[in-house]
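Chain by chain, the residues run as shown.
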Amino acid sequence: MTYLVVGGGGREHTIIRKLKESSDVDKIYCTPGNGGISKDAEVFDVAATDIDGVVELAEKLKVDCVFVAPDDPLVLGMVDALTERGIRAFGPNKRAAIIEGSKVFSKELMKKYGIPSAAYEVFNDPKAAMDYIKVQNSYPTVIKADGLALGKGVVIAENFEEARNAIHSIMEDKIFGNSGNNIVIEEFLTGPEVSVLAFTDGKCIKPMVSSMDHKRVFNGNLGPNTGGMGTISPNPYYTDEVAKECMEKIFLPTVDAMNAEGRTFKGCLYFGLMLTPNGPKVIEYNCRFGDPEAQVVLPRLKTDFSKVVNAVIDGKLGELDVEWYDGACACVIMASGGYPGKYDKGIAIQGLDVNGQVEGATVFHAGTAFKDGEFVTNGGRVLGVTAKGATLDEALANAYDAVEGIKFKGAHYRTDIGRAYKQK
Ligand code: AMP
Ligand code: GLY
């Protein structure tokens with residue numbers, strides 16, 4: 001089979017490397033890709049959100065399957081456009097991708113079908129939202145823009161001042177554009193966070209091994225939120241007992257709810273969970289693989305990935321045994337100086353071999369380019385240095401050993417991935 005993978009970050013690099021292991025896969029193309037991806041796939045410069053451009057490219061290359069990895073093209077309906085032209089595609093259609101595309105939709109879905117989540121109210125008028133927080137007068141409170149906002153649409157307001165500023169900037173200054181036409185104000189939950197990605201063909205759901213993201217930029221879970229500074233798998237809090245409860249109360253009911261709404265979800269469904277004192281609750285749904293969750297989950301997949309992808313597309317997931325390796329996997333993100341704020345690009349990266357790799361780990365490239373024979377930085381999150389081990393400690397030691405050997409000016413990374421949770 002030939003694949004066209006849409007996207008250009010660490011998640012896409014992981015997907016490509018996993019597909020390459022499959023005996024069914026002859027050739028992989030990627031658009032727009034990045035420096036590291038260009039060593040594993042043939043890359044093109046069509047943007048991931050350019051629906052017509054991607055359809056045209058897929059037709060020109062005559063690929064057997066298009067893997068749409070990022071949220072924006074899924075929410076925009078790229079899978080619908082490909083399917084209409086008779087091109088096989090992995091990922092939910094537009095009607096199903098709304099589970100990530102609109103927080104108002106997902107909150108209403110959970111309420112209607114009794115899926116545990118934070119209590120909430122929806123507002124389309126900033127004045128009504130202000131009146132509500134005044135009456136509630138309870139902090140922290142959580143304010144979320146309805147639509148996609150590059151992972152930045154959630155504000156945890158510690159006091160009235162912060163809540164007012166959030167409502168003002170999202171609904172009036174429109175810092176996230178139309179994504180802020182509506183907001184959700186929800187109850188603040190506490191507890192460990194768990195990411196569970198799951199394959200589903202709309203009939204059955206097969207959760208992957210669990211993982212834990214580290215969203216804050218600095219050690220000790222301090223500083224602003226990022227796209228994710230590192231991940232571990234498995235998540236130490238996700239016991240078999242919790243997994244069973246999540247299956248009964250969250251995973252199966254979500255698949256059923258989407259079917260009942262006429263929005264059958266096929267692809268990778270991501271559950272962002274919080275294990276609260278009152279049981280597991282959904283913080284958010286994503287309609288795709290997490291980044292950097294994919295980096296620690298997919299390396300642990302034992303079953304041929306391409307076979308799983310096709311079983312999902314063909315509605316035959318129930319017939320396939322999806323198996324996982326024991327042990328653990330850890331990913332440490334090396335970021336550009338200044339990220340998640342402003343940062344420079346084009347800085348030379350030292351320590352990588354000609355394929356952008358190092359000994360003892362796998363380097364999933366996120367924001368890199370390959371220019372004049374060398375790898376340079378080209379984004380906020382630059383590299384996801386990933387290693388396996390028999391135990392979590394071993395995986396972490398292997399990943400951090402590899403990080404030591406990679407340098408670029410301004411590089412920063414957390415030194416407590418997989419350990420921060422123990423401090424709490
Ligand atoms: P999201 O973009 O929805 O994943 O939210 C980003 C982060 O905000 C989550 O990973 C949580 O740490 C935090 N968060 C979101 N909603 C809540 C909530 N209701 N209570 C506490 N923390 C939350
Ligand atoms: N790492 C969180 C996400 O992909 O949304």
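Up top is the structure.
This structure is a prediction, so every number in the text was calculated from the model and none was measured.

A. How the structure looks around helix 12 (residues 392–404). The end-to-end C-alpha distance of helix 12 is 18 Å, a good match for the 18 Å that 13 residues give at a rise of 1.5 Å each. Among all positions of helix 12, only Leu-392, Ala-395, Leu-396, Ala-399, Tyr-400, Ala-402 and Val-403 are buried. Taken around the axis of helix 12, the buried residues stretch over an arc of 155°, which confines them to a single face. Away from its buried face, by an angle of more than 90 degrees, helix 12 presents the exposed residues Asp-401 and Glu-404. Packing partners of the buried residues in helix 12 comprise strand 15 (230–233), strand 18 (328–335) and strand 22 (381–389).

B. Looking closely at the sheet that holds strand 8 (residues 154–157). Read from one edge to the other, the open sheet built from four strands follows the order 6-9-7-8, with strand pairing classed as antiparallel. The open sheet has two edge strands, strand 6 (120–123) and strand 8, and neither has a second partner. This sheet shows a mean twist of 20° between the axes of neighbouring strands, independent of strand direction. Here four bridges tie strand 7 (residues 141–145) to strand 9 (residues 183–186), and the two strands are oriented antiparallel to one another.

C. The arrangement of the layout of surface pockets in detail. Of the pockets and cavities examined, the second largest pocket occupies roughly 250 Å³. Lining the second largest pocket are 15 residues, and of these Val-79, Thr-83, Ala-89, Gly-91 and Lys-266 lie nearest its centre. Sorting elements by how many residues they give to the lining of the second largest pocket places helix 4 (residues 78–84) first, with three residues. Taken together, the residues of the lining of the second largest pocket break down into seven nonpolar, five polar and three charged.

D. Structural detail: the packing of helix 7 (residues 126–136) against helix 8 (residues 160–172). Interaxial distance between helix 7 and helix 8 falls to 10 Å at its minimum, and their mutual angle equals 165°. Comparing the axis directions of helix 7 and helix 8 gives the class roughly antiparallel. Crossing angle aside, the handedness with which helix 7 passes helix 8 is right-handed. Residues Pro-126, Ala-129, Met-130, Ile-133 and Lys-134 of helix 7 form the contact with helix 8, whose own contacting residues are Phe-160, Ala-163, Arg-164, Ile-167, Met-171 and Glu-172. Looking at side-chain class alone, the contact of helix 7 with helix 8 contains eight nonpolar, no polar and three charged residues.

Rules and cut-offs
Here the residue numbering is sequential within each chain, running from 1 through the sequence in written order. As they are written, the chains are lettered A onward and the ligands numbered 1 onward, keeping that order. Where totals are concerned, whole chains, interfaces and linings use all residues; where local detail is concerned, this predicted model gives features only for residues with pLDDT of at least 70, and gives and counts side-chain atom pairs only at 80 or more. Heavy atoms from the whole structure form the basis of all side-chain values; hydrogens and water molecules are not counted. The way it works is that DSSP assigns letters per residue, a run of H or I at least four long becomes a helix, a run of E at least two long becomes a strand, and they are numbered from the N terminus. A helix is expected to span 1.5 Å multiplied by its residue count minus one. Relative accessibility thresholds used throughout: buried, under 20% of the residue-type maximum; exposed, over 50%; partly exposed, between the two (1.4 Å probe, protein chains only). To be clear, the arc concerns the directions from the helix axis to the C-beta atoms. When checking whether two residues touch, look at their non-hydrogen atoms; a contact exists if any pair is within 4.5 Å. Two strands form a pair only when DSSP identifies at least two bridges running between them. Throughout, an axis means a line fitted to C-alpha atoms (over the contacting stretch in the case of helices), and angles, computed between N-to-C directions, take values from 0 to 180 degrees. Buried and open spaces are told apart on a 1 Å grid over the protein atoms alone, a cavity being a set of points where a 1.4 Å probe fits but cannot get out and a pocket being an open set with protein on both sides within 12 Å along at least five of seven lines. Residues with an atom within 4 Å of a point are the lining residues. Grid points are joined across faces, edges and corners, and a volume is the space filled by probe spheres set on the points. Residue polarity follows a fixed list, in which Ala, Val, Leu, Ile, Met, Phe, Trp, Tyr, Cys and Pro are nonpolar, Asp, Glu, Lys and Arg are charged, and the others, Gly among them, are polar. Small angles under 35 degrees read as roughly parallel and large ones over 145 as roughly antiparallel, with 65 to 115 read as roughly perpendicular and the rest as oblique. Handedness of a crossing follows from how the near helix is turned relative to the far one, being left-handed for an anticlockwise turn of less than a right angle and right-handed for a clockwise one.

Remember that the coordinates give geometry; whether it matters functionally is a separate question.
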